[in-house]
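An overview of the molecular structure
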Amino acid sequence: MVAKVHPSVPFAAPSSPVTGLASLSERCGACERCGLAAGRQQVVISRGEATARLMLIGEAPGAQEDGCGQPFVGRAGQLLDQLLAEAGLDSARDAYLCNVIKCRPPANRRPSGAEIAACRPWLEEQIAAVDPPLILLLGATALAGVLGVKQGLSRLRGQWMPWQGRWLMPLFHPSYLLRFPNEAEGSPRWLTRADLAAVHQRLNSMGLVHGRRPPPLAPVP
Ligand code: URA
């Protein structure tokens, strides 16, 4: 049954990812929950499509991301975009990209457990707002930050894991792939291409390639 809404009341669907994320951006942009706030230029929240059915979660912003306020815009991000494109996925249209940590750690060090814990509510809010059926965890920090799993990525990458009504897949981090440019069969890049092909296939089988979350129902006059 569709609830009747008085026409003079602005209709803000609670399920709208755009509405939820706009509010999150404002609050997260002023966050001082951990010491990283003192050294940042910008809070780096997300890029991509808020209604995409695929979310990618990385580690933390680097210098370029800190400067421009968007995740995955440096060399690692460019490689990620290229690998997604090779798999038939457009990072601007088909994916929502974010990080476990929204502020740049000094000298690009790994975020601490306390920083990850402080930032976790923002990530949870992003996941709830976008509500993606598929999530890719890029690298060991995302794997540990989301699932609490400290195992090596080599063992877990490419495997779908059920989590809170969604499917998660760990993948090599694109910065790791930059350090290992070998393209031979069995190399990290080769494996990542195979993993992304499996992601595309799963989206396809769910009828979700280039899929969007349906818009909220219009109010009944
Ligand atoms: N840029 C990001 O935004 N996140 C990473 O994990 C690496 C580079």
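Thresholds applied
- Residues numbered from 1 in each chain as written.
- Predicted model: local features only at pLDDT ≥ 70, side-chain atom pairs only at ≥ 80, totals over all residues.
- Near = placed C-beta within 6 Å.
- Nonpolar A, V, L, I, M, F, W, Y, C, P; charged D, E, K, R; others polar.
- Buried ≥ 20, exposed ≤ 12 C-beta atoms within 10 Å, placed from the backbone.
- Pairing = 2+ DSSP bridges.
- Helix = DSSP H or I, 4+ residues; strand = E, 2+ residues; numbered from the N terminus.
- Contact = placed C-beta atoms within 7 Å.
- Axes fitted to C-alpha atoms, helices over the stretch in contact; angles between N-to-C directions.
- Expected span 1.5 Å × (residues − 1).
- Bend = angle between axes of the 7 residues up to and from the residue.

Quick notes on the site of the ligand
The ligand sits among 13 residues. The nearest are G58, E59, E65, P71 and F72. Of the residues assigned to the shell around the ligand, the class counts are 5 nonpolar, 6 polar and 2 charged.

Regarding unusual backbone geometry
Phi at N108 is positive, roughly 60 degrees, even though this residue is not glycine. On the neighbour-count criterion, N108 (13 C-beta atoms within 10 Å) is partly exposed. The backbone of Q164 shows a phi angle near 50 degrees, a positive value even though the residue is not glycine.

A closer look at the sheet that holds strand β4 (residues 134-138)
Judged by pairing direction, the sheet is mixed, and its 6 strands sit side by side in the order β1-β3-β2-β4-β6-β5 without closing on themselves. The strands lining the two open edges of the sheet, one partner per strand, are β1 (47-48) and β5 (161-163). Bridging between β4 and strand β6 (residues 166-171) involves 5 bridges; their strand directions are parallel. By the bridge assignment, L136 is partnered in β6 with M169. Contacts between helix α5 (residues 140-147) and the sheet are confined to β2 (54-58), β4, β5 and β6, with β4 contributing the most and set at about 125 degrees to the helix.

Looking at helix α4 (residues 113-130)
Helix length check: α4 (18 residues) gives 25 Å between terminal C-alpha atoms against 26 Å at 1.5 Å per residue, within 8%. Largest kink in α4: about 40 degrees, centred on R120, with the proline P121 one to four residues after it. Those residues of α4 lying buried are E115, I116, A118, C119, W122, L123, Q126, A129 and V130. Where the residues of α4 are buried, they touch α1 (17-28), β2, β3 (96-99) and α5. Looking one or two residues past α4, D131 carries a phi angle of roughly 55 degrees, positive in sign.

The values are spatial; any link to function lies outside them.
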